[in-house]
Amino acid sequence: MRCLLRFVCLLLVLSTAGWWVSAGARAGWWQTRVGVERTDEFTGLSVIEWQDRFVPGVETPLLGLLLGGALFGATFLFRRKLPIQPSSS
Amino acid sequence: MNRFHRLAALASVLALAGSLSAAPQTFDFKDPKGVNNVQFHLDAPLESISGQGTGISGAVAFDPAKPEATTGRIVLTTGSLTVGNPTMLEHMQGANWLDAAKFPEIVFEVKRLDQVVANSGTVKGEATGVLTLKGVSKEVTVPVTISHLPGKLGARLNQPDLKGDLLVVRAQFAINRSDFGIQPGQYADKVSERIDLTLSLAGGAAQ
């Protein structure tokens, strides 16, 4: 059980960090909208058009680390099963 | 005497035509194509913030023969300013920062254009005017590039029957938020003191 939980911790930390890096390793906070630039052909002026899209911010790997750490700490609550010692008497 | 009257009338008509051609045109900056915008960028040590405002209206009086006499008023609705993070947007519009409910408009009142350099329809210069933000008015000088496109209004709006000129204004400058009473000296690590602004505006003068 301990091993399984520790594996889940590692998976949690790595997957959140991996998601954050693959989405561009944004140093800012989460974004729920992303600006896409559009250019007016006639004047050459640019305007940002917002699209609803989630971009993970720096909270994502931090949250993964926090949850993973908490879960890792919880694994110490499980007592290791000791091998039964044969009675000497 | 009759001949004299006719000559006088002709002279008056010519003088009126001359004054009309020399008169500045008033360009309306409420853009039907929704392109007009002000982009802002703040680069703080902990976070960069970028966003845009598109609620632009106002008018500019421009005379290609006398660009230094350019005057006008550009208005940006505070509520149209937006960023990608909803919590940040809420804070930005809130009472502690821009207070959009109490100060719904950001206004730039152009008084004159200095250091004018005109070159084939494009005018470069420094626009001096009063910028009012969060109820604080301050004189600022902004480098601008103005392109006057005669007879192009209809073509831009895909309305060939619409006659009129187009005025394209571009400007890039920076302001300090503390000059306008926006949390002066506070949160400098997260919200930069300097705000970089980029104005991209097109106005039309229908004939």
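Just above, that's the structure.
Residues numbered from 1 in each chain as written. Chains lettered and ligands numbered in written order. Predicted model: local features only at pLDDT ≥ 70, side-chain atom pairs only at ≥ 80, totals over all residues. Heavy atoms only, no water.

## Details of the overall build of chain B
In step 1: Each helix and strand counted, chain B has three helices and eleven strands in total.
In step 2: When the elements of chain B are put in sequence order from the N terminus, they spell out α-β-β-β-β-β-β-α-β-β-β-α-β-β.
In step 3: Classification of the 207 residues of chain B by burial places 43% in the buried group.
In step 4: Long-range pairs, those at least 24 residues apart, make up 58% of the contacts in chain B between residues at least 6 apart in sequence.
In step 5: Surface summary for chain B: the accessible area is close to 10,800 Å², and the carbon and sulfur share equals 56%. (Helix = DSSP H or I, 4+ residues; strand = E, 2+ residues; numbered from the N terminus. Buried < 20%, exposed > 50% of the residue type's maximum accessible area, 1.4 Å probe, protein only. Contact = heavy atoms within 4.5 Å. Areas by Shrake-Rupley, 256 points an atom, 1.4 Å probe, with all protein chains shown as cover.)

## Side note on a nonpolar patch on the surface
Residue and element names in this part refer to chain A.
In step 1: On the surface, a cluster of nonpolar side chains totalling about 610 Å² of accessible area is made up of W19, W30, F54, L63, L66 and L67.
In step 2: In terms of residue count, helix α2 (residues 59-74) provides more of the nonpolar patch than any other element does, three residues in total.
In step 3: Tracing the chain through its elements places L66 in helix α2. (Patch = residues over 30% accessible without salt bridge, like charges linked within 9 Å, V, L, I, M, F, W, Y side chains within 5 Å. Salt bridge = Lys/Arg side-chain N within 4 Å of Asp/Glu carboxyl O.)

## Looking at the interface of chain A and chain B
In step 1: The partner chain B presents 28 residues to the 18 residues of chain A that form the contact.
In step 2: Buried surface at the junction of chain A and chain B, summed over both partners, amounts to about 1,700 Å²; 53% is from carbon and sulfur atoms.
In step 3: Three residues, A:F42, A:L45 and A:W50, lead the burial of chain A against chain B; their summed loss comes to 34% of the area buried on that side.
In step 4: Where chain A packs against chain B, one counts two salt bridges.
In step 5: B:K33 is the salt-bridge partner of A:D40, the closest N and O atoms lying 2.8 Å from each other.
In step 6: Linking chain A with chain B are ten residue pairs in polar contact (both at pLDDT 80 or more).
In step 7: When grouped by side-chain class, the residues that make up the side of chain A that touches chain B number eight nonpolar, six polar and four charged. (Buried area = accessible area lost by both parts, 1.4 Å probe. Polar contact = N/O pair within 3.5 Å; in protein donor to acceptor, adjacent residues only side chain to side chain. Nonpolar A, V, L, I, M, F, W, Y, C, P; charged D, E, K, R; others polar.)

## Considerations on the environment of B:V110
All names here are of chain B.
In step 1: Inspection of the secondary structure assignment puts V110 in strand β7 (residues 105-119).
In step 2: The class for V110 is buried, based on a relative accessible area of 14%.
In step 3: C-alpha of V110 to C-alpha of L167: the two residues are 57 residues apart in sequence and 15 Å apart in space.
In step 4: If we skip the residues at most four places from it in the chain, V110 touches T70, T71, G72, A127, T128 and G129.

## Quick word on the environment of B:T70
Residue and element names in this part refer to chain B.
In step 1: On the secondary structure map, T70 appears in the loop between β4 (56-62) and β5 (71-77).
In step 2: Between the C-alpha atoms of T70 and A127, which are 57 residues apart in sequence, the distance is 8.5 Å.
In step 3: If we skip the residues at most four places from it in the chain, T70 touches V60, A61, F62, V110, K111, R112 and L113.

## What about the packing of aromatic side chains?
Any two aromatic rings considered together are summarised by their centre-to-centre distance and by the angle between their planes.
In step 1: Scanning all chains against the criterion turns up five aromatic pairs over all chains.
In step 2: Relative to A:F76, the ring of A:F72 lies with its centre 5.5 Å away and its plane at 80°, an arrangement referred to as edge-to-face.
In step 3: Using a relative accessible area of 38% as the deciding quantity, one classes A:F72 as partly exposed.
In step 4: Between the aromatic rings of B:W97 and B:Y187, the centroid separation amounts to 5.8 Å while the plane-to-plane angle is 45°, which identifies the pairing as tilted. (Phe/Tyr/Trp six-rings, centres within 6.5 Å; stacked < 30°, edge-to-face > 60°.)

## Considering α2(A)
Residue and element names in this part refer to chain A.
In step 1: Along its 16 residues, α2 runs 22 Å from first to last C-alpha, staying within 8% of the 22 Å computed at 1.5 Å per residue.
In step 2: Among the residues of α2, those classed as buried are E59, T60, P61, G64 and G68.
In step 3: The inward-facing, buried residues of α2 abut α1 (2-22). (Expected span 1.5 Å × (residues − 1).)

## A look at the pattern of salt bridges
In step 1: Taken as a whole and judged by the stated rule, the model has seven salt bridges over all chains.
In step 2: Across the pair B:R194 and B:D196 runs a salt bridge whose closest N-O atoms are separated by 2.7 Å.
In step 3: Here the salt bridges do not stand alone but share partners, grouping A:D40, B:D31, B:K33 and B:R156 into one network.

## Observations regarding the pairing of strand β1 (residues 31-39) of chain A
Residues and elements named next belong to chain A.
In step 1: Sheet topology places β1 next to strand β2 (residues 46-55); eight bridges connect them, and they run antiparallel. In the strand pairing of β2, G35 is matched with W50.
In step 2: Between β1 and β2, which follow one another and run antiparallel, lie six residues, and G44 among them has a positive phi close to 80°. (Pairing = 2+ DSSP bridges.)

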